[in-house]
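# Coordinate analysis (summary)
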Amino acid sequence: MPDRNKLTFIIGGGRSGKSAHAETLAKALPSPWTYIATAQAYDGEMRERIALHRSRRGEGWATIDAPLDLASALEALPDNQPVLVDCLTLWLTNHMLADHDIGAECRRLADVLSRPRGPWFVVSNEVGQGIVPDNALARRFRDDAGRLNQQVAAIADTVLLMVAGLPLKVK
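Residues numbered from 1 in each chain as written. Predicted model: local features only at pLDDT ≥ 70, side-chain atom pairs only at ≥ 80, totals over all residues. Heavy atoms only, no water.

With that out of the way, let us pick up the overall build of the protein chain. Within the protein chain, the regular secondary structure consists of six helices and seven strands. Going residue by residue from the N terminus, the α and β elements of the protein chain occur as β-α-β-α-β-α-β-α-α-β-α-β-β. Against the 2.2 N^0.38 benchmark of 16 Å for 171 residues, the protein chain shows a C-alpha radius of gyration of 15 Å, consistent with a compact globule. Its C-alpha atoms put the protein chain at 45 × 35 × 30 Å along the principal axes. Expressed as a percentage of its 171 residues, the buried residues of the protein chain come to 43%. Restricting the contact set of the protein chain to residue pairs at least 6 apart, pairs at least 24 apart contribute 77%. Accessible area of the protein chain: about 8,600 Å², with a carbon and sulfur share of 54%. Measuring between centres, the 20 positive side-chain charges of the protein chain sit 4 Å from its 20 negative side-chain charges. (Helix = DSSP H or I, 4+ residues; strand = E, 2+ residues; numbered from the N terminus. Rg over C-alpha atoms; globule rule 2.2 N^0.38 Å. Buried < 20%, exposed > 50% of the residue type's maximum accessible area, 1.4 Å probe, protein only. Contact = heavy atoms within 4.5 Å. Areas by Shrake-Rupley, 256 points an atom, 1.4 Å probe, with all protein chains shown as cover. Lys, Arg positive; Asp, Glu negative; His and termini not counted. Charge placed at Lys NZ, Arg CZ, Asp CG, Glu CD.)

Now the structure itself:
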C-alpha cells in the first residue's frame, strides 16, 4: 500500500484492470476518496462506461469532472486525501480535440503531479505496444500519450503495469 503524499502511476492496455486496481488501492486507505474523471459522455457507449465505473466504485467517493483542467482540480483538493485520476489518455484526447498546446498542458500537469499532497493514483493507457497507426492524428495521439506517460512515470514514486488484471511493479 502506498505511503501518504506519494504518486502511484497505473498503466496498461484497454480492459487490463487499471481502474479497478486503482480503486482497490485507494479504498485500502481511509476515506474520503476523490475520483477525478476526465471522460466526456459524447455517446451512449461512453455514458454506459461512465455509469459502470460509478456503480463499481460504490459509496464514499466524491467525483470531480475535470475533462480539461485536471491540474487545477488536483491543486484545489485538500491535503492527505486519497485521489484517483482516471484517465490521462482521455484527458489528452480532450486537449487534442480542443486544439490546445499539448506540450504546455502536459508540463503543467506533470508539475502538479510531481508534488502530490496525499496518496494519488493516476491511471493511463499504454498505447505504444501496437502497430504504427495508419493516420496522422492517431500517430500524434500515440506519440503524445507516450511522452506524457514517460513524464508521469519519471516523477511517480510507484509505477504499476496492469496485464490481464494483474499488477506488475515496474518502479
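Our focus in this paragraph is the pattern of salt bridges. Here the idea is simple: oppositely charged side chains can pair when their charged atoms come close. Counted by the stated rule, this structure contains seven salt bridges. Of the charged contacts, one joins Arg49 and Glu45 as a salt bridge, the two residues approaching to 2.3 Å between their closest N and O atoms. Of this pair, Arg49 and Glu45 both sit in helix 2 (residues 44–57), four residues apart, which is roughly one turn of the helix. Classification of Arg49 by relative accessible area gives partly exposed; the value is 35%. Among the residues examined, Glu45 registers a relative accessible area of 41% and is labelled partly exposed. Asp69 is paired through a salt bridge with Arg108; the nearest N and O atoms lie 2.8 Å apart. Pair noted here: Asp69 is in the loop between strand 3 (61–65) and helix 3 (70–75) and Arg108 is in helix 5 (residues 102–113), with a separation of 39 residues, a long-range link. The class for Asp69 is partly exposed, based on a relative accessible area of 37%. (Salt bridge = Lys/Arg side-chain N within 4 Å of Asp/Glu carboxyl O.)

In the contact formed by helix 4 (residues 88–97) and helix 5, the axes pass within 10 Å of each other and the chain directions differ by 145 degrees. When you trace helix 4 past helix 5, the crossing you get is right-handed. Residues Leu88, Trp91, Leu92, His95 and Met96 of helix 4 touch helix 5, and the partners they reach there are Ile102, Glu105, Cys106 and Leu109. Broken down by class, the residue content of the contact of helix 4 with helix 5 amounts to seven nonpolar, one polar and one charged. (Axes fitted to C-alpha atoms, helices over the stretch in contact; angles between N-to-C directions. Left-handed = near helix turned anticlockwise from the far one by under 90°. Nonpolar A, V, L, I, M, F, W, Y, C, P; charged D, E, K, R; others polar.)

What follows concerns the pairing of strand 5 (residues 120–125). Taken across its six residues, strand 5 has six buried, putting it largely inside the fold. Residues Trp120, Val122 and Ser124 line one face of strand 5 and the alternating positions Phe121, Val123 and Asn125 line the opposite face, and both faces are buried. Here six bridges tie strand 1 (residues 7–12) to strand 5, and the two strands are oriented parallel to one another. Considered in strand 5, the bridge of Leu7 is made with Trp120. Note: strand 4 (residues 83–86) against strand 5, four bridges, orientation parallel. Directly across from Asp86, in strand 5, lies its bridge partner Val123. (Pairing = 2+ DSSP bridges.)

For the rest of this paragraph, the subject is the packing of helix 4 against helix 6 (residues 136–155). Close contact between helix 4 and helix 6 brings their axes to 10 Å; oriented N to C, the two are set at 130 degrees. By the angle between their directions, the pair helix 4 and helix 6 is classed as oblique. Considering the relative orientation of helix 4 and helix 6, their crossing is right-handed. On helix 6, the residues touching Leu88, Thr89, Trp91, Leu92, Thr93 and Met96 of helix 4 are Leu137, Arg140, Phe141, Asp144, Ala145, Leu148 and Val152. (Parallel < 35°, antiparallel > 145°, perpendicular 65-115°, else oblique.)

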